[in-house]
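# Inside the fold
Read off the chains here:
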Amino acid sequence: QVQLVESGGGLAQAGGSLRLSCAASGLTFSRCGMGWFRQAPGKEREFVAAINWSGADRYYADSVQGRFTISRDNAKNTVYLQMNSLKPEDTAVYYCAGDPSNLSGLSVNRARYYWGQGTQVTVSS
């Protein structure tokens, strides 16, 4: 049974930082592309960042480029999202995604993903 468990969400002030973690089990983590999405109230779930199997290749949404950093530790089966210079518009539920069909990152077809349960991030102004 595949499980992705996020942690590290919470409340931060604008300009502050948070680090999200996603611990994976039940899949060969080192052979999965991994990523983060977010969903704000009343909005669609949107891509935030992705990372390939080795961590050498990383991809970001324009809205977080230069502020967020995705990384992974294959020995710990964990992917991270370091969020700096937070803005109120970063407020959302953040979801971890794992794609065992794609070593390079995340497939366009989200039906191939495993999802975590989400963790709330709230940024106050």
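Structure report, in brief. As the structure is a prediction and not an experimental result, all values here were calculated from the model.

## Examining unusual backbone geometry
One non-glycine residue, N77, lies in positive phi territory at about 55°. Secondary-structure assignment places N77 in the loop between strand 7 (68-73) and strand 8 (78-83). For N77, a relative accessible area of 26% corresponds to the partly exposed category. Phi is positive for S85, close to 50°, though the residue is something other than glycine. Within the fold, S85 resides in the loop between strand 8 and strand 9 (92-99).

## A word on the packing of aromatic side chains
Summed over the entire model, instances satisfying the criterion amount to 5 aromatic pairs. Geometrically, the ring pair formed by F37 and F47 is edge-to-face, given 5.8 Å between the ring centres and 80° between the ring planes. Pair noted here: F37 is in strand 4 (residues 33-39) and F47 is in strand 5 (residues 46-51), with a separation of 10 residues, a long-range link. Exposure remark for F47: the relative accessible area of 27% places this residue in the partly exposed category. An angle of 70° between the planes, with centres 5.1 Å apart, marks the rings of F37 and W115 as edge-to-face. Here F37, found in strand 4, pairs with W115, found in strand 10 (residues 114-115); they are 78 residues apart in sequence, far enough to count as distant. Since its relative accessible area comes to 29%, W115 is described here as partly exposed. Each member of the aromatic cluster is reached from another via a ring pair, and the members are F37, F47, Y95, Y113 and W115. Taking NZ or CZ as reference, R45 lies 3.6 Å from the ring centre of Y95, over its face.

## Observations regarding the sheet that holds strand 1 (residues 3-7)
Strand order in the open sheet formed by 4 strands is 1-3-8-7, with antiparallel pairing between adjacent strands. This sheet does not close on itself; its edge strands, each paired only once, are strand 1 and strand 7. Each strand of the sheet is rotated relative to its neighbour by a mean of 15°, with strand direction disregarded. Direction of pairing for strand 3 (residues 18-25) relative to strand 8: antiparallel, over a ladder of 6 bridges. Its bridge partner being in strand 8, A23 is matched across the sheet by T78.

## Brief notes about the environment of R19
Tracing the sequence through the fold places R19 in strand 3. For R19, the contacting residues outside a window of four places in its chain are S7, G8, Y80, L81 and Q82.

## Looking at the environment of Y60
Here Y60 lies in strand 6 (residues 58-60). When the C-alpha atoms of Y60 and I70 are compared, they prove to be 8.5 Å apart, with 10 residues separating the residues in sequence. At 3.0 Å, the side chain of Y60 and the backbone nitrogen of I70 are in polar contact.

About the criteria used
- Residues numbered from 1 in each chain as written.
- Predicted model: local features only at pLDDT ≥ 70, side-chain atom pairs only at ≥ 80, totals over all residues.
- Heavy atoms only, no water.
- Helix = DSSP H or I, 4+ residues; strand = E, 2+ residues; numbered from the N terminus.
- Buried < 20%, exposed > 50% of the residue type's maximum accessible area, 1.4 Å probe, protein only.
- Phe/Tyr/Trp six-rings, centres within 6.5 Å; stacked < 30°, edge-to-face > 60°.
- Lys NZ or Arg CZ within 6 Å of the ring centre and 35° of its normal.
- Pairing = 2+ DSSP bridges.
- Axes fitted to C-alpha atoms, helices over the stretch in contact; angles between N-to-C directions.
- Contact = heavy atoms within 4.5 Å.
- Polar contact = N/O pair within 3.5 Å; in protein donor to acceptor, adjacent residues only side chain to side chain.

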